[in-house]
Amino acid sequence: MKVFMLQAGVLGEPIVILKSAPSDGLALRTAYEDITPGYHTNKKHRITLHPDGDLDPLFVDDLVTESYLLVVENLPKNQRPVDPEAFGQHA
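Source: prediction; values computed, not measured.

Novice: Give a detailed account of the overall build of the protein chain, specifying residues and quantitative values.
Specialist: Helices and strands together make up the secondary structure of the protein chain, namely two helices and four strands. Each helix (α) and strand (β) of the protein chain, taken in turn from the N terminus, gives the series β-β-α-β-β-α. Reported as C-alpha extents along the three principal axes, the dimensions of the protein chain are approximately 40 × 30 × 25 Å. Buried residues in the protein chain amount to 30% of all 91 residues. For the protein chain, the proportion of contacts with a sequence separation of at least 24, taken over those separated by at least 6, is 46%. Of the roughly 6,200 Å² of accessible surface on the protein chain, a fraction of 55% belongs to carbon and sulfur atoms. Positive and negative side-chain charges of the protein chain, numbering 8 and 13 respectively, have mean locations separated by a distance of 15 Å.

Take a look at the structure:
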């Protein structure tokens, strides 16, 4: 099973766990107080968003999209619902 996003509640707080490239995850955790290591997941490849904080909704949308594309690019080509290399490009 491949997972690009998990939603949960921890101590009454909603959280979202996403896949991220290790270097991106480190940079995001350093730059944003509301982004922490993946909760009960691989801390190197996952980040936790605390959406009740100050994260811009459009930024969160971008992080979710990036997480999805990271998962899709590791699927066999015949199982990919989108081409991660061409995603978002207009013809």
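That covers the picture; the talk isn't over yet.
Novice: Which residues make up helix α2 (residues 57-72), and what values go with them?
Specialist: Between the first and last C-alpha of α2 there are 23 Å, a value that for 16 residues agrees with the 22 Å anticipated at 1.5 Å per step. All buried positions along α2 are accounted for by Leu63, Val64, Ser67, Leu69, Leu70, Val71 and Val72. Summarising the contacts, the buried residues of α2 are in contact with β1 (5-10), β2 (13-19), α1 (22-31), β3 (35-37) and β4 (46-49). If you check the start of α2, you find a side-chain oxygen 2.9 Å away from the backbone N of Leu58, and it comes from Asp56.

Novice: Which residues make up the side chain of Thr48, and what values do they have?
Specialist: Secondary-structure assignment places Thr48 in strand β4. Look at Thr48 and you get buried, because its relative accessible area is 1%. A distance of 2.7 Å separates the side chain of Thr48 from the backbone nitrogen of Tyr39, its partner in a polar contact. Other than its neighbours up to four places away in sequence, Thr48 contacts Ile15, Val16, Ile17, Asp34, Ile35, Thr36, Pro37, Gly38 and Tyr39.

Novice: Describe the pairing of β2, and please don't skip the residues or the numbers.
Specialist: Most of β2 is tucked away: five of the seven residues are buried. In the sheet, β1 pairs with β2 via six bridges, with the strands oriented antiparallel. Each residue of the ladder has a partner; that of Gln7, found in β2, is Val16. Looking at chain direction, β2 and β4 are connected through four bridges and run antiparallel. When the sheet's bridge partners are listed, Leu18 is paired in β4 with Ile47.

Novice: Describe the pairing of β4, naming the residues involved and giving the relevant values.
Specialist: Side chains Arg46 and Thr48 of β4 all project onto a buried face; the interleaved residues Ile47 and Leu49 project onto the opposite face, where all are buried too. In this structure, β3 lies alongside β4, joined through three bridges in antiparallel fashion. Within β4, the position partnered with Thr36 by the bridge is Thr48.

Calculation rules
Residues numbered from 1 in each chain as written. Predicted model: local features only at pLDDT ≥ 70, side-chain atom pairs only at ≥ 80, totals over all residues. Heavy atoms only, no water. Helix = DSSP H or I, 4+ residues; strand = E, 2+ residues; numbered from the N terminus. Buried < 20%, exposed > 50% of the residue type's maximum accessible area, 1.4 Å probe, protein only. Contact = heavy atoms within 4.5 Å. Areas by Shrake-Rupley, 256 points an atom, 1.4 Å probe, with all protein chains shown as cover. Lys, Arg positive; Asp, Glu negative; His and termini not counted. Charge placed at Lys NZ, Arg CZ, Asp CG, Glu CD. Expected span 1.5 Å × (residues − 1). Polar contact = N/O pair within 3.5 Å; in protein donor to acceptor, adjacent residues only side chain to side chain. Pairing = 2+ DSSP bridges.

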